[in-house]
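Coordinate inspection notes
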Amino acid sequence: MTGATGSVGRHVVRELLTAGEDVRALTRRPERAGLPAGAQVLAGDLERPETVRDALAGVGKLFLFPVAETAQEVVDLAVEAGVRRIVVLSSAAVTAGWDTEFHLPVERAVEASGLEWTHVRPGEFAVNSLHMWGPSVRARRTVVDPYPDSAGTPVHERDIADVVAAALVEDRHTGVAYTLFGPLEVTNRQKVAAIAEAIGEEVRIETVTAAEARAFYHAQGGWAAANADFLFGYEDYSGDEVNSGAESDAGVESNAGVESDPGGSGEPGYERDEAQQEQAEPGTIPGAVSADLVTGRPARPYAAWARDHAADFR
């Protein structure tokens, strides 16, 4: 398990332990991991592949967090160690054709290895709401947003983890790339209402221009500042400046987001094709699916995510 302490990875660890699997979890800071006692926690850093070699000894299956710069070296180490299967945390941006620099090189390195593989490509992470809106909701029960009626299908990080765990444990997912979204379309206004209901207090939407939102989130700092230019149409997926600037609503209208695990990159969403929501057969790339179509368990709607994170917004 690489990325074991991220928002997805820690849930994968718990799912695998529940399934009776032996889990070796890799993290930069084992003393801060906070993982279940059943996991073997080791120090390692994907940005320094030499630290991963020993952790791969005797491992049969690998959950690979995407670090494009070192992916080929890490995959080579996995092959050398005798790993049989790799499940990649990728991005719906690969399916959309936007991502050629961040997640796609990781997928290609894994596919070229000759090992069994599955790619899990989430769209909009529901947890991005917390990183974007959490500070202002906690401080003054307000969300600043230029497009309150834009809609997307955010996916709960636990649903992503469930799909990853299934791909690691079950053979039927080999050779499949799952483009993963939440079960319901919701607008930003509906998200804010779900958060308000979860915390039991009113949360106000302050509707502003894209330029004003960009300035606000730059000043907020942290995750929001790092991603505001992309989210509000000032940068494309690769980080290049776009001419439309504040006049563009591409980032928000496409429900773009950036996943929250350390080292992650953008996770854009797009409308789900209902006609393509069916069980994928090995060797195919299905259209957008929700977790229930992979795991057989109900997918978690945004309202459930808001309840799960109510304490984080208080």
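Data block above holds the structure.
Residues numbered from 1 in each chain as written. Predicted model: local features only at pLDDT ≥ 70, side-chain atom pairs only at ≥ 80, totals over all residues. Heavy atoms only, no water.

**A look at the overall build of the protein**
- A tally of regular secondary structure across the protein gives 13 helices and eleven strands.
- Here the protein holds 314 residues, and 55% of them are scored as buried.
- Counted over contacts in the protein with a minimum sequence separation of 6, partners at least 24 positions apart contribute 70%. (Helix = DSSP H or I, 4+ residues; strand = E, 2+ residues; numbered from the N terminus. Buried < 20%, exposed > 50% of the residue type's maximum accessible area, 1.4 Å probe, protein only. Contact = heavy atoms within 4.5 Å.)

**Quick look at unusual backbone geometry**
- Positive phi values are uncommon outside glycine, yet Arg141 reaches one of about 55°.
- Within the secondary structure layout, Arg141 lies in the loop between α5 (128-140) and β6 (142-145).
- Relative accessible area serves as the criterion here: at 19%, Arg141 is assigned to the buried category.

**Focus: the layout of surface pockets**
- Its volume calculated, the second largest pocket comes out at about 420 Å³.
- Considering the residues around the second largest pocket, the lining is formed by 22 residues, among which Asp22, Val23, Arg24, Val59 and Lys61 are closest to the centre.
- Every element with two or more residues in the lining of the second largest pocket is listed here: β1 (24-27), β3 (61-64) and α6 (157-169). (1 Å grid on protein atoms, 1.4 Å probe; cavity = no way out; pocket = protein on both sides within 12 Å on 5 of 7 lines; lining within 4 Å. Points joined across faces, edges and corners; volume = space filled by probe spheres on them.)

**Quick word on the pattern of salt bridges**
- Enumeration over the complete set of coordinates arrives at 18 salt bridges.
- Measuring nitrogen to oxygen at the nearest pair gives 3.6 Å for the salt bridge that ties Arg297 to Glu15. Note that Arg297 is positioned in the loop between α11 (292-295) and α12 (302-308) and Glu15 in helix α1 (residues 9-18), a separation of 282 residues in sequence.
- Overall, Arg297 belongs to the partly exposed group, its relative accessible area being 39%. (Salt bridge = Lys/Arg side-chain N within 4 Å of Asp/Glu carboxyl O.)

**Things to note about the nonpolar core**
- If you look at the biggest cluster of nonpolar residues, it comprises 89 residues, and the most contacted ones within it are Met1, Leu64, Ile86, Trp133, Ile160, Tyr217 and Tyr302.
- Among the elements that line this core, the one with the most residues is α6, at seven residues.
- Setting aside its immediate chain neighbours within four residues, Met1 contacts Gly9, Val12, Val13, Leu16, Val23, Arg24, Ala25, Leu26 and Phe63. (Core = buried A, V, L, I, M, F, W, Y, C linked by side-chain atoms within 4.5 Å.)

**Digging into the environment of Leu77**
- Within the fold, Leu77 resides in helix α2 (residues 71-81).
- You can call Leu77 buried: its relative accessible area is 7%.
- In contact with Leu77, other than residues within four places in its own chain, are Pro49, Arg53 and Leu56.

**Considerations on the sheet that holds strand β8 (residues 176-180)**
- Strand order in the open sheet formed by five strands is β3-β4-β5-β8-β11, with parallel pairing between adjacent strands. Since the sheet does not close on itself, it has two edges, and those belong to β3 and β11 (288-289), each with one partner.
- Where β8 meets β11, two bridges bridge the pair, whose relative direction is parallel. The residue of β11 that forms the bridge with Thr179 is Ala288. (Pairing = 2+ DSSP bridges.)

**Considering the packing of α5 against helix α9 (residues 222-231)**
- Here α5 crosses α9 at 110°, and the two axes come no closer than 10 Å. With respect to α9, the axis of α5 lies roughly perpendicular. Judged by residue contacts, Asn128, His131 and Met132 of α5 engage Trp223, Ala224 and Leu231 from α9.
- For the contact of α5 with α9, a count of residues per class yields four nonpolar, two polar and no charged. (Axes fitted to C-alpha atoms, helices over the stretch in contact; angles between N-to-C directions. Parallel < 35°, antiparallel > 145°, perpendicular 65-115°, else oblique. Nonpolar A, V, L, I, M, F, W, Y, C, P; charged D, E, K, R; others polar.)

**Side note on the packing of α5 against helix α7 (residues 188-199)**
- It is the contact of α5 with α7, at a shortest axis distance of 12 Å, that shows an interaxial angle of 60°. Classed by the angle they form, the pair α5 and α7 counts as oblique. In terms of crossing hand, the pair formed by α5 and α7 is right-handed. Facing α5, whose interface residues are Ser129, Trp133 and Val137, α7 presents Asn188, Lys191, Val192, Ile195 and Ile199.
- Of the residues in the contact of α5 with α7, the class split is five nonpolar, two polar and one charged. (Left-handed = near helix turned anticlockwise from the far one by under 90°.)

**Some details on the environment of Val52**
- Relative to the helices and strands, Val52 resides in the loop between β2 (40-43) and β3.
- Placed ten residues apart in sequence, Val52 and Leu42 show a C-alpha to C-alpha distance of 9.3 Å.
- Once residues lying within four places of it in the same chain are set aside, the contact partners of Val52 are Leu26, Asp45 and Leu46.

That is the geometry; function is a separate question.
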